[in-house]
Amino acid sequence: MTDTAVKNFAIDTAHSNVEFSVRHLMISKVKGSFDRVTGTLALGAGSIPESINASIEIDSVSTRDEKRDGHLKSDDFFAAATYPTMDFVSTSVKALDAEKFEISGNLTLHGVTKPVTFTAALDGRMTDPWGLDRVAFSASTKLNREDFGLTWNQALEAGGVMVGKEIDIDLTVQAVPAQ
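First things first, this report covers the structure right here in the doc.

The rules behind these values
- Within any chain, residue numbers begin from 1 and follow the written order of that chain's sequence.
- Predicted model: local features are reported for residues with pLDDT of at least 70 only, side-chain atom pairs are reported and counted for 80 or more only, and whole-chain, interface and lining totals are derived from all residues.
- Just so you know, side-chain values use all the structure's heavy atoms and leave hydrogens and water out.
- What counts as a salt bridge is simple: a side-chain nitrogen of Lys or Arg found within 4 Å of a carboxyl oxygen of Asp or Glu.
- Strand pairing follows a simple DSSP-based rule, namely that at least 2 bridges must link the two strands.
- The numbering of helices and of strands both runs from the N terminus, where a helix is a DSSP run of H or I of at least 4 residues and a strand a run of E of at least 2.
- Relative accessibility under 20% of the residue-type maximum defines a buried residue, over 50% an exposed one, and the middle range a partly exposed one, all with a 1.4 Å probe and only protein chains included.

Re the pattern of salt bridges
Move 1: In this structure the tally under the stated criterion is 9 salt bridges.
Move 2: In this structure, Asp133 and Arg125 form a salt bridge, with 2.8 Å as the shortest nitrogen-oxygen distance.
Move 3: In this structure, the salt-bridge partner of Arg134 is Asp128, at a minimum N-O distance of 2.8 Å.
Move 4: Here the salt bridges do not stand alone but share partners, grouping Lys29, Lys142, Glu166 and Asp168 into one network.

Points about the pairing of strand E1 (residues 7-11)
Move 1: Note: E1 against strand E4 (residues 37-43), 4 bridges, orientation antiparallel. From the neighbouring strand, Lys7 faces E4, where its bridge partner is Leu43.
Move 2: Both E1 and strand E11 (residues 163-177) contribute to a ladder of 3 bridges, which runs antiparallel. If you follow Phe9 over to E11, its bridge partner there is Pro177.

Digging into unusual backbone geometry
Move 1: Here the phi dihedral of Arg64 falls at roughly 65°; this positive angle occurs in a residue that is not glycine.
Move 2: One can find Arg64 in the loop between strand E6 (61-62) and helix H1 (66-73).
Move 3: Assessed through its relative accessible area of 79%, Arg64 is described here as exposed.
Move 4: The backbone of Ala79 sits at a positive phi, close to 50°, despite the residue not being glycine.
Move 5: Positionally, Ala79 belongs in the loop between H1 and strand E7 (85-95).
Move 6: The class of Ala79 is buried, set by a relative accessible area of 5%.

Shown next as structure tokens:
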């Protein structure tokens, strides 16, 4: 008999990464991450999630530059005091094959909710040495930061702007059964 029950998993923050990159000065990319992400995903009989919900603490942003991180948390960008989290709620998951899928949902950032789609893949599933079922996924998408009201910029004398509009988002998520 096949187990078709849906099991809820919790994102394992210690083994998950939320990373981003954005064009800087029109010549390079600056990378950063968010260190605190929580959430749940529901898995049925297969290894592709049926739903995903996640919340990222804006105050956990890190670009390895304290001054820049402070600017990102300010009202010029994320306004972390007013909008302390970035939240994602899936609306559909579409299997592309046995291990690849698309996750569509609503992302709320800076008080603005917009639909986004991530391209994702199952990285693996196993029982760890402590007997916990673990599952890992990777996902990516691109966002236009201005769609979410993140419009601060500065014109450069040589032409162009200081910060690009397009943000690359890359996730690696490991999850364990929810308690």
